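# Close look at the chain arrangement
Take a look at the letters that make up each chain.
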Amino acid sequence: MNLFTPLNIKNKKLKNRVVLPPLVRFSMVEKDGYVTEGLLDWYRDVAEGGTGLIIVEASCVAEDGKLRDNQIGIWSDDFIDGLSKVADIGKQYDVPMLIQIHHAGFKDAVATVSEETLDKILNQFVEAFRRAKIAGFDGIEIHGAHTYLISQLNSRLWNVREDKYGGTFDKRMFFTKELIERTRDLFDEDFILGYRMGGNEPTLEDGIEIAKYLEKIGVDVIHVSSGVPDPERKQLVKVDVPEDFTFDWVVYLGVEIKKHVNVPVIGVRNIKTEEQASTLIENEMLDLVAIGRGMIARPNWVQFAKKEYFKRTGKKVD
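Each chain carries its own residue numbering, running from 1 in the direction its sequence is written. Where local features are concerned, this predicted model is filtered to residues with pLDDT of at least 70; where side-chain atom pairs are given and counted, the filter is 80 or more; whole-chain, interface and lining totals use all residues. The basis for the side-chain values is all heavy atoms of the structure; hydrogens and waters are excluded.

Turning to the pattern of salt bridges, a few remarks are in order. Opposite charge on two side chains makes pairing possible when the charged atoms of those side chains draw close. One speaks of a salt bridge when a side-chain nitrogen belonging to Lys or Arg is within 4 Å of a carboxyl oxygen belonging to Asp or Glu. Taken as a whole, this structure holds 18 salt bridges when the rule is applied. For Asp 77, the salt bridge identified is with Arg 131, shortest N-O distance 2.8 Å. Note that Asp 77 is positioned in the loop between strand S4 (53–60) and helix H2 (80–92) and Arg 131 in helix H3 (residues 115–135), a separation of 54 residues in sequence. One salt bridge in this structure joins Lys 311 and Glu 308, with 3.1 Å as the shortest N-O distance. With Lys 311 and Glu 308 both in helix H11 (residues 301–313) and 3 residues apart, the pair spans about one turn of that helix. Salt bridges here are not isolated pairs; linked through shared partners, they connect Asp 77, Glu 127 and Arg 131. Starting at the N terminus, helices and strands are each numbered in turn, a helix being any DSSP run of H or I of at least four residues and a strand any DSSP run of E of at least two.

Set out below in structure tokens:
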């Protein structure tokens with residue numbers, strides 16, 4: 001097995017182990033949230049470059065839930081036409097495409113938000129899932145990381161609610177579980193359910209518990225990133241990482257979480273070179289690697305990586 005070995009997730013075949021993570025291309029989107037020609041060109045370049053899986057950037061379920069003004073929307077049926085054009089690019093180049101569904105949330109004030117408000121947002125997520133399927137995507141990635149709404153709810157630091165949305169681990173996960181149960185009819189063998197989670201929520205042990213729970217309730221692929229950190233950890237690295245681990249600490253979260261689940265795990269952050277990516281795959285530390293900044297610099301990163309792999313190993317890959 002190497003970086004260029006195919007992988008099946010349900011009925012979808014990924015031609016290699018390289019993932020475009022959901023990079024929010026603010027400069028390519030206007031404040032109205034609609035897909036632009038510039039955004040279509042970006043996804044076309046990446047798909048043409050041979051990436052195994054594309055996760056389309058965070059699309060917001062509510063106009064008042066954006067992380068920044070110029071973010072694509074999915075809060076209305078009016079967005080379906082533009083999003084369909086993105087999904088069609090994946091079909092044209094035989095690259096499965098998920099779309100990330102997002103709400104920015106309320107940061108550490110999530111505990112004081114009314115239950116009715118969260119009920120409304122949950123309904124907005126359900127509606128957004130259905131729009132994503134109508135638009136023709138191959139699946140959905142729930143954004144449950146980076147201190148946004150679902151990460152806030154998952155966090156035992158910030159979610160100190162005492163209602164159905166918080167109080168115990170199961171209640172902190174209620175929003176996610178209810179969302180999946182209410183949209184389960186969408187997820188046949190041709191539609192993938194992904195989840196981007198915080199591997200430190202705030203500790204790695206919390207991340208492992210969340211990942212195991214996600215697998216149990218039907219998530220098909222887990223994308224491990226960062227969550228709500230321990231405020232006592234002032235340094236850049238938010239968990240203890242062995243000295244001999246040569247990758248980013250967020251990659252370490254993914255590597256460790258993979259040991260506890262059977263579904264494919266995507267690792268991300270500061271994976272830049274073919275050799276780094278190949279090391280993680282060939283040693284079965286991760287199932288998939290997300291290349292973000294490297295893909296912005298070089299949308300045909302996979303083609304370049306094949307040349308680098310040949311230079312390094314003498315082995316040609318298709």
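Alright, that's what it looks like, and here's the rest.
What follows is about the packing of aromatic side chains. Aromatic pairing here means that ring centres of Phe, Tyr or Trp (its six-membered ring) are within 6.5 Å. Orientation follows from the plane angle: under 30 degrees is stacked, over 60 is edge-to-face, and everything else is tilted. Taken as a whole and judged by the stated rule, the model has 12 aromatic pairs. Where Phe 245 meets Tyr 252, the ring centres are 5.2 Å apart and the plane angle is 70°; that geometry is what we call edge-to-face. The pair Phe 245 / Tyr 252 is uniform in exposure class, with both members buried. Taken together, the ring pairs connect Phe 125, Tyr 165, Phe 174 and Phe 175 into an aromatic cluster. In this scheme, Lys NZ or Arg CZ marks a charge over a ring once it lies within 6 Å of the ring centre and within 35 degrees of the ring normal. The aromatic ring of Phe 304 is capped on one face by Arg 298, whose charged end is 3.7 Å from the ring centroid. Any residue under 20% of the maximum accessible area for its type is buried, any over 50% is exposed, and the rest in between are partly exposed; the area is computed with a 1.4 Å probe on protein chains only.

Here a cavity means grid points, on a 1 Å grid over the protein atoms only, where a 1.4 Å probe fits yet cannot get out; a pocket means an open set of points with protein on both sides within 12 Å along at least five of seven lines; lining residues are those with an atom within 4 Å of a point. Grid points are joined across faces, edges and corners, and a volume is the space filled by probe spheres set on the points. In this structure the tally under the stated criterion is 1 cavity of 30 Å³ or more. Taken as a whole, the largest cavity encloses approximately 30 Å³ of empty space. Every residue lining the largest cavity is listed: Asn 154, Arg 156, Phe 169, Arg 172, Glu 201, Asp 206, Glu 209 and Ile 210. If you list the elements that add at least two residues to the lining of the largest cavity, you get helix H5 (169–172) and helix H7 (204–216). Among the elements that take part in the lining of the largest cavity, H7 stands out by supplying 3 residues, more than any other.

So, on to the environment of Ile 257. Checked against the element boundaries, Ile 257 lands in helix H8 (residues 249–258). Sequence separation of Ile 257 and Gly 144 is 113 residues, and the distance between their C-alpha atoms is 15 Å. Whether two residues are in contact is decided by their heavy atoms, any of which lying within 4.5 Å being enough. Not counting residues up to four positions away in its chain, the partners in contact with Ile 257 are Met 197, Gly 199, Leu 204, Gly 207, Ile 208, Ala 211 and Val 224.

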